[in-house]
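Residue-level structural notes
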Amino acid sequence: MSPRPLLAASRKELNQIALDVKEGTVPTDLQGFVFINSAVGTVNTNGLPYTERYSDGSIAQEYSTPVINGDGLILKFDLTKKGQVLLSTGLMRTPCYYADEATMRGTVWHKKYGFMNLGLARISIKMGTRNQINTAVQPVKFGNDKHTRLLATFDAGRPFEFDPHTLNLITPIGANKEWRGGTPPFMRQPFAMVLTTAHPVFDPRTRELFTVNFTKTDEALMASTTIFSWLETDPDGLEERIRNFMRIVEKENLSREDFLTRAAGFIRGLENKYIPQNSVWEKIWNWLKAKILGKIDSSISNKNAVYLMRWNGQGAMQQWEVTDQDGNGLLIDQNMHQIGFSEDYIILIDAAFKFSLDVMLYNVFPDKEDIDAFMRKLTSGVQQDSTDIYLVHRADLRPDVKHVKAKKIVIPIETVHFSVNYKNPYGIITMFSAHNCSACPAEWIRSYDREAVNPQQPIRKDKVGLLAVGAMDVGQVGRIVMDAKNGTYLADHSKYYYNTNNREAHTWGIGLYTHRDMCSADNTTDDITHMYWQSYGLRPDMLTVFIRNLYDDPKRNRKVPVPEVLEATRQGSQYTLFCLETAGMTVDDFYTFDKETYFWSLQFVPRSEPRSDIPPYKDGYILTTVSVGYPLSDGTYDYQPEIWIFDATALAKGPVCKLNHPDMSFGFTIHTVWVPDAQPNTNPDYVINIREDYDYMLGKIRNKQIRQEISQIFNQYVYPNF
């Protein structure tokens, strides 16, 4: 049997298989269920990793794209059986999944309507953008609900409810007509790209779900990527022009500013050669040209706007456009990956998780790596090293108004994930935040990348597609305190923890975290006292030359100088799991993983029998997903997916048990949630009619032939599944 690659993941669905205990003993006071979301490849690949070629020997279009760009697979761990952990898995088959399957490689529809992995997005120029709901799971419990309901979520698609027992999809949340598409108005696709948050929030006290839908002028980029596929109809001429320009700029060793100026002229030349006048392609190309030149044509683009949405589990969602204090629409430069809430406020952030041209304009020439590398250099951008926070007073969300003003606060550090104390006495908000400083969670390793500390050394092939490619500064964990009434950041009351010592609870590469009642449908987190954090460390084979060059900027707000970061990367540090006590922002316990053990996700599980001698926020276990590399005689590794369970009061002692199974197969898991029950939802009272929902979208397609052909695909392959 051949060794298992690091990122291997299967799409095989499992039903209540009992995991094998490899070491230790399964605690008898576990309870409830842990759900974990993950991405498991496309309809073309039947899992991960993305290989260089398909089974027939042809070049694989998905190769060198991020592993997070794939269909969602929910892993469900049943902890209700004493001394056992049972695993079930379910593939998230959205309507666009069936359209993707109907137009996959080898079908008659593929050439005209097939989907492609283009960076972080999977796109069909005529069908739209895949909603893969592969990122997080949000529990809800509305009105008269007796049991927990679950939503699977995604940054670029509306959430879907799925059955906690069977893992089958039930319904999207919100009809298509309730959501605004992120692509420009002239792109009339049945699968609209919906820019939202992967972390909607549910308030157990008011029984309300909050989410967002935002648009921005530069989101036409999703559609613009496909222009390169179209231009490839003249491969010899186009390739020669691009290569000539590449040779010129490489010889001249231009600054980034001069390089972009020269690139603008190059694009003008391409437009004159290749773009037909008065066509949809001309509009798309005009957008791309405008992006490079810094001029956005508003006549073909969305406006900058954020819509806050509230839902009580029935009927249509309530919506308000959020504006600044002057009544202007909000510009989200990056993403709204996460939102939060307190008793009186909704907290919105412009998250340090870029969702723009530089992470989507990629892989349209899968057999021409040098051209794709050039396009990445041409369009790449860094994430901000500060965070815009918008506070919306919940009392202002009245049904008789359509707009609500937010107070903007800027904090001097980049942020992607956070939790908020529910109590906000006198309007004082306390949030605990993850700061991925000078790092790119939206970037991934390409096949042609090289190590930053050893530029002659290519990145290991088994790392291709992996996210979070090193860090150019030490990460931090923050306690951010804000005065919501006055809209001010209270710097003197805020505090940050960071540690560069590799032998301690370091914060190189701050990642995910967990705490008790995080994302709960039953309890609010009034005062978070302890949190459990992941740091993924530093590895020479994870920090690329590209990221080094992108973030080697003396103007960035940083704690550690670049030469010291590179030396720390050369020495290396491992994944750690640590417990942070929030009052003093100090670490009271930590565990360091072995070098070839990759620590992916973590979830707090409360004990079924509480102990009075332990603080509630430490009274439980930490369930983690890991990939363990077992060394082989030839110097390579066989990576096995395992579940490690830690006693939350004794991390340093290591896991109390390790579990595995031959059929358990995950490569890169993401967000998690713990819930006390997972009862079937056999008679849901909110279900959107999929045929009516998408007939509305199909009716917008102006081209009669395209409308008829896509309708045929829906009638034959999509609608029969709902």
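Just so it is clear, the structure is predicted and the values come from calculations on it, not from any experiment. (Residues numbered from 1 in each chain as written. Predicted model: local features only at pLDDT ≥ 70, side-chain atom pairs only at ≥ 80, totals over all residues. Heavy atoms only, no water.)

Side note on the overall build of the protein
Our working rule: Helix numbering and strand numbering both begin at the N terminus, where a helix is a DSSP run of H or I of at least 4 residues and a strand a DSSP run of E of at least 2. Only protein chains enter the calculation, and the probe is 1.4 Å; a residue is then buried if its accessible area is under 20% of its type maximum, exposed if over 50%, and partly exposed in between. Contact criterion: two residues are considered in contact whenever any of their non-hydrogen atoms come within 4.5 Å of each other. Using the Shrake-Rupley algorithm and a 1.4 Å probe, accessible areas are obtained, with residue cover drawn only from the displayed protein chains.
On a plain count of helices and strands, the protein comes out with 12 helices and 35 strands. Burial statistics for the protein: of 722 residues in total, 63% are counted as buried. Residue pairs at least 24 apart in sequence account for 72% of intrachain contacts in the protein once pairs closer than 6 positions are excluded. Carbon together with sulfur atoms contributes 47% to the accessible area of the protein, which is approximately 27000 Å² in total.

Points about the sheet that holds strand 21 (residues 407-411)
Applicable threshold: Here, any two strands with at least 2 DSSP bridges between them count as paired. To obtain an axis, a line is fitted to C-alpha atoms, over the contacting stretch when the element is a helix, and the angle between two such axes runs from 0 to 180 degrees between their N-to-C directions.
Spatially, the 4 strands line up as an open sheet ordered 17-18-19-21, and their pairing is antiparallel. Both edges of this open sheet fall to strand 17 (339-341) and strand 21, since each of them pairs with a single strand only. Each strand of the sheet is rotated relative to its neighbour by a mean of 25°, with strand direction disregarded. In terms of strand pairing, strand 18 (residues 345-349) meets strand 19 (residues 387-393) through 5 bridges, oriented antiparallel. Its bridge partner being in strand 19, Ile-346 is matched across the sheet by Val-392.

Some points on the sheet that holds strand 33 (residues 637-647)
Sheet strands associate in pairs through backbone hydrogen bonding, adopting either a parallel or an antiparallel arrangement. Spatially, 5 strands are ordered 2-34-33-32-31 in an open sheet, and the strand pairing comes out antiparallel. Every other strand in the sheet has two partners, leaving strand 2 (20-24) and strand 31 (597-606) as the edge strands with one partner each. This sheet shows a mean twist of 25° between the axes of neighbouring strands, independent of strand direction. Relative to strand 34 (residues 657-660), strand 33 is paired through 3 bridges, and the arrangement is antiparallel. Its bridge partner lying in strand 34, Trp-644 is registered against Lys-658.

Thoughts on the packing of aromatic side chains
Where we set the bar: The criterion for an aromatic pair is that two Phe, Tyr or Trp rings (for Trp, the six-membered ring) have centres within 6.5 Å, with stacked assigned to planes under 30 degrees apart, edge-to-face to planes over 60 apart and tilted to the rest. Two limits define a charge over a ring: the Lys NZ or Arg CZ must be within 6 Å of the ring centre, and within 35 degrees of the ring normal.
Taken as a whole and assessed by the stated rule, the structure comprises 26 aromatic pairs. Through a chain of ring-to-ring contacts, three or more aromatic side chains come together here, namely Tyr-575, Tyr-591, Phe-593, Tyr-598, Phe-599, Trp-600, Tyr-637, Tyr-639, Trp-644, Phe-646 and Phe-668. The positively charged end of Lys-177 is found above the aromatic ring belonging to Tyr-696, 5.0 Å away from the centroid. Geometry around Tyr-307 places Arg-180 over its ring, the cationic atom sitting 3.6 Å from the centre.

Here's the deal with the packing of helix 11 (residues 690-698) against helix 12 (residues 704-718)
Convention followed: Small angles under 35 degrees read as roughly parallel and large ones over 145 as roughly antiparallel, with 65 to 115 read as roughly perpendicular and the rest as oblique. If you view the pair so one helix is near and one far, a crossing is left-handed when the near helix is turned anticlockwise from the far one by less than a right angle, and right-handed when it is turned clockwise. Gly is put with the polar residues, along with every residue not named as nonpolar or charged; the nonpolar set is Ala, Val, Leu, Ile, Met, Phe, Trp, Tyr, Cys and Pro, and the charged set is Asp, Glu, Lys and Arg.
One way to put it is that helix 11 packs onto helix 12 with a least axis distance of 11 Å and a crossing angle of 165°. One finds that helix 11 runs roughly antiparallel with respect to helix 12. Read as a crossing pair, helix 11 and helix 12 show a hand that is right-handed. Seen from helix 11, the contacting residues are Arg-691, Tyr-694 and Leu-698; seen from helix 12, they are Arg-707, Ile-710, Ser-711, Phe-714 and Asn-715. Split by residue class, the contact of helix 11 with helix 12 holds 4 nonpolar, 2 polar and 2 charged.

Looking at the pairing of strand 35 (residues 669-675)
Summarising burial for strand 35: 7 of the 7 residues are buried, a large majority. In terms of strand pairing, strand 3 (residues 33-39) meets strand 35 through 5 bridges, oriented antiparallel. Its bridge partner lying in strand 35, Phe-35 is registered against Val-673.

Remarks on helix 11
The condition is simple: Comment: arc refers to directions from the helix axis out to C-beta atoms. By the criterion applied in these results, polar contacts are pairs of N or O atoms within 3.5 Å in which, for protein atoms, one can donate a hydrogen and the other can accept it, and in which residues neighboring in sequence qualify only through two side-chain atoms.
Restricting attention to buried positions, one finds in helix 11 the residues Ile-690, Asp-693, Tyr-694, Met-697 and Leu-698. In a view along the axis of helix 11, the buried residues occupy a sector of 135°, so they form one face of it. Against the buried residues of helix 11 lie helix 1 (95-102), strand 11 (157-162), strand 12 (169-172) and helix 12. The distance from a side-chain oxygen at the start of helix 11 to the backbone nitrogen of Arg-691 is 3.1 Å, and the residue carrying that oxygen is Asn-689.

Points about the confidence of the model for the protein
Worth spelling out the cut-off: Predictor confidence is given residue by residue as pLDDT, running from a minimum of 0 to a maximum of 100.
Scored by pLDDT, the protein has a mean of 90; 88% of the residues are at 70 or more. Considering only residues more than four positions removed or in separate chains, one finds that residues 218-233, a stretch of pLDDT under 50, has 63 contacts. Across residues 295-300 the pLDDT falls below 50, and counting only partners more than four positions away or on other chains, this stretch makes 12 contacts in the model.

Observations concerning helix 10 (residues 562-571)
Taken together, the buried positions of helix 10 are Val-562, Val-565, Leu-566, Ala-568 and Thr-569. Relative to the axis of helix 10, the buried residues are bounded by an arc of 160° and lie together on one face. Looking at helix 10, the residues exposed on the side facing more than 90 degrees away from the buried face are Pro-563 and Gln-571. Looking at the packing, one finds that the buried side of helix 10 touches helix 9 (545-551). A positive backbone phi angle near 85° is found at Gly-572, which sits one or two residues after helix 10.

Some remarks on the environment of Asn-501
Among the structural elements, Asn-501 can be located in the loop between strand 26 (495-497) and strand 27 (510-514). Considered as a pair, Asn-501 and Ser-573 are 72 residues apart in the sequence and their alpha carbons are 9.1 Å apart.

Some remarks on the pattern of salt bridges
Heads up, the rule is: Definition used for salt bridges: Asp or Glu carboxyl oxygen within 4 Å of a side-chain nitrogen of Lys or Arg.
This structure, assessed with the given rule, holds 37 salt bridges. In this structure, Glu-23 engages Lys-658 in a salt bridge whose closest nitrogen and oxygen atoms are separated by 3.6 Å. Taken together, the residues Glu-23 in strand 2 and Lys-658 in strand 34 connect sequence positions 635 residues apart. Salt bridges sharing partners connect three or more residues here, namely Arg-11, Glu-62, Asp-71, Asp-100, Arg-122 and Arg-130.

Quick notes on unusual backbone geometry
For the peptide bond that leads from Leu-48 to Pro-49, omega is 5°, which places it in the cis range. By secondary structure assignment, the location of Pro-49 is in the loop between strand 3 and strand 4 (72-78). For Asn-46, which is not glycine, the phi dihedral falls at a positive 55°. Inspection of the secondary structure puts Asn-46 in the loop between strand 3 and strand 4. Positioned with a positive phi, Ser-64 is a non-glycine residue whose angle comes to about 75°.

Description of the side chain of Ser-38
Residue position: Ser-38 is located in strand 3. Looking at Ser-38, the relative accessible area reads 2%, which means it is buried.

Some details on the side chain of Asp-473
Keep this limit in mind: Positive: Lys, Arg. Negative: Asp, Glu. His and the chain ends are not part of the count.
Take Asp-473: it is sitting in the loop between strand 23 (428-435) and strand 24 (476-483). Of the side chains with opposite charge, Arg-558 comes closest to the buried, unpaired Asp-473, at an N-O distance of 4.5 Å. Separated by 2.9 Å, the side chain of Asp-473 and the backbone nitrogen of Lys-559 make a polar contact. Side-chain polar atoms of Asp-473 contact the backbone nitrogen of Val-560, separated by 3.0 Å. Here Asp-473 is in contact with Cys-437, Ser-438, Trp-508, Asn-557, Arg-558, Lys-559, Val-560 and Val-565, once residues within four sequence places are set aside.

Some points on the environment of Met-104
Mapped onto the elements, Met-104 comes out in the loop between helix 1 and helix 2 (110-113). Sequence-wise, Met-104 and Gly-114 are 10 residues apart; in three dimensions their C-alpha atoms are separated by 5.9 Å. Sequence-distant contacts of Met-104, that is, excluding residues within four places in its chain, are made with Val-43, Asn-44 and His-110.

Description of the packing of helix 1 against helix 12
Where helix 1 contacts helix 12, the axes come no closer than 9 Å and their chain directions differ by 105°. Classed by the angle they form, the pair helix 1 and helix 12 counts as roughly perpendicular. Together, Pro-95, Tyr-98, Ala-99 and Ala-102 of helix 1 and Ile-713, Tyr-717 and Val-718 of helix 12 make up the contact between the two elements. In terms of residue class, the contact of helix 1 with helix 12 is made up of 7 nonpolar, no polar and no charged.

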